[in-house]
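Structural overview for review
So you can see what is in the structure, the chains are spelled out below.
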Amino acid sequence: MADIKLPAGKVDELKEVCKKLGNEGGELINALHAAQELFGYLPAEVQELVANEMNVSVAHVYGVVTFYSFFSMIPKGEHPISICMGTACYVRGAEKVLDEFKRHLDVKVGETTEDGKFSISCLRCVGACGLAPVVTVGEKVYGRVAAEDVKGILEEYK
């Protein structure tokens with residue numbers, strides 16, 4: 001895999017954030033949140049930059065990034081779709097909903113569509129069990145989603 005060329009403006013912005021955090025390793029998670037907000041995800045090049053700025057090893061940064069599910073090393077789509085696979089959602093048909101999203105978008109879980117518009121991921125629980133099965137698209141929550149609702153949800157974002 002080829003190295004990614006990071007935009008200089010975003011690199012400078014991230015360095016400034018790290019400086020405001022005192023370049024302290026104890027602020028690593030805050031720096032990673034800022035980095036992901038800036039770049040959209042955390043490729044190896046961004047992790048190396050954060051490690052250097054926060055005075056920690058790249059291995060430590062990688063460990064934090066891979067431990068917390070919020071962080072992503074893969075670019076997400078413009079409209080990230082998450083399907084809850086918690087017990088209530090799963091029992092009420094979340095797997096069929098997931099299969100329908102994968103079929104319509106022609107991607108697997110963890111992938112992004114070729115046009116960069118959509119990506120699919122699964123969540124363990126979104127805390128809205130009364131609305132099961134639950135799907136989120138970006139910040140918008142859809143409750144009681146059935147497989148036949150998927151096409152309509154996607155149409156809202158095309």
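Residues numbered from 1 in each chain as written. Predicted model: local features only at pLDDT ≥ 70, side-chain atom pairs only at ≥ 80, totals over all residues. Heavy atoms only, no water.

This is how it is decided: UniProt positions are given in the numbering used here, feature names are shortened, and annotations may be inferred rather than shown by experiment.
Under an unreviewed UniProt entry, the name given to the chain is NAD(P)H-dependent oxidoreductase subunit E, and the organism recorded is Carboxylicivirga marina. According to the UniProt record, the Sequence similarities (unreviewed entry) comment for the chain is "Belongs to the complex I 24 kDa subunit family." Looking at the Cofactor (unreviewed entry) heading of the UniProt record, one finds this comment for the chain: "[2Fe-2S] cluster".

Overview of helix 4 (residues 58–67)
This is how it is decided: Residue exposure (1.4 Å probe, protein chains only): buried if accessible area is under 20% of the type maximum, exposed if over 50%, otherwise partly exposed. By the criteria applied, helices consist of DSSP H or I runs no shorter than four residues and strands consist of E runs no shorter than two, each listed in order from the N terminus. The reported arc concerns the directions from the helix axis to the C-beta atoms and nothing else.
For helix 4, the complete set of buried residues consists of Val-61, Val-64 and Val-65. Buried residues of helix 4, viewed axially, fall in a sector of 100°; they line one side. Pointing more than 90 degrees away from the buried face of helix 4 are the exposed residues Ala-59 and Phe-67.

Regarding unusual backbone geometry
The omega angle of the peptide bond from Ala-132 to Pro-133 is -5°, so this bond is cis rather than trans. Turning to its location among the elements, Pro-133 is positioned in the loop between strand 2 (118–123) and strand 3 (135–137). Of note, the phi angle at Asn-23 is positive, near 50°, even though the residue is not glycine. Following the sequence through the fold, Asn-23 ends up in the loop between helix 1 (8–20) and helix 2 (28–39). The class of Asn-23 is partly exposed, set by a relative accessible area of 22%. One non-glycine residue, Asp-106, adopts positive backbone phi at about 55°.

Brief notes about the pattern of salt bridges
Test applied: Any carboxyl oxygen of Asp or Glu within 4 Å of a side-chain nitrogen of Lys or Arg constitutes a salt bridge here.
Scanning the entire structure with this criterion turns up three salt bridges. Glu-100 is paired through a salt bridge with Arg-103; the nearest N and O atoms lie 2.7 Å apart. Of this pair, Glu-100 and Arg-103 are both found in helix 6 (residues 94–105), three residues apart, which corresponds to roughly one turn of the helix. Residue Glu-100 is classed as buried on the basis of its relative accessible area, which comes to 18%. A salt bridge links Glu-156 to Lys-140, with the shortest nitrogen-to-oxygen separation between them at 3.2 Å.

Quick look at the packing of helix 2 against helix 4
Note the threshold: Lines are fitted to the C-alpha atoms to define the axes, a helix being fitted only along its stretch in contact, and any angle between axes, read from their N-to-C directions, falls within 0 to 180 degrees. Angular relationships are summarised with four words: roughly parallel below 35 degrees, roughly antiparallel beyond 145, roughly perpendicular across 65 to 115, and oblique for the angles in between. Only heavy atoms enter the contact rule, under which two residues are in contact if any of them lie within 4.5 Å. By the convention adopted, Pro, Cys, Tyr, Trp, Phe, Met, Ile, Leu, Val and Ala count as nonpolar, Lys, Arg, Asp and Glu as charged, and the other residues, Gly among them, as polar.
Remark: helix 2 packs on helix 4, axes separated minimally by 11 Å, with the N-to-C direction vectors making an angle of 70°. As far as their axial angle goes, helix 4 and helix 2 are roughly perpendicular. On helix 4, the residues touching Leu-28, Ile-29 and Leu-32 of helix 2 are His-60, Val-61, Val-64 and Val-65. Counted by class, the contact of helix 2 with helix 4 contains six nonpolar, one polar and no charged residues.

Some words on the side chain of Gln-47
Along the chain, Gln-47 falls in helix 3 (residues 44–54). Given the relative accessible area of 4%, Gln-47 is considered buried. In contact with Gln-47, not counting residues within four places along its chain, are Leu-42, Val-61, Tyr-62, Val-65 and Met-73.

A few points about the domain arrangement of the chain
As a reminder of what qualifies: The split into domains, and so the bounds of each, comes from an automatic or database assignment of domains.
In terms of domains, the chain is made up of domain 1 (8–67) and domain 2 (79–155). Taking the mean C-alpha position of each, domain 1 and domain 2 sit 30 Å from one another.

Concerning the pairing of strand 1 (residues 79–84)
Short version of the rule: Only when DSSP finds a minimum of two bridges between them are two strands counted as paired.
Burial analysis of strand 1 places five of its six residues in the buried class, the great majority of the element. Here strand 1 runs beside strand 2; their pairing, made up of six bridges, is parallel. Counterpart to Ser-82 in the pairing with strand 2 is Ser-121. Across three bridges, strand 1 lies against strand 3 in antiparallel orientation. Bridge pairing in strand 3 places Ile-81 opposite Val-137.

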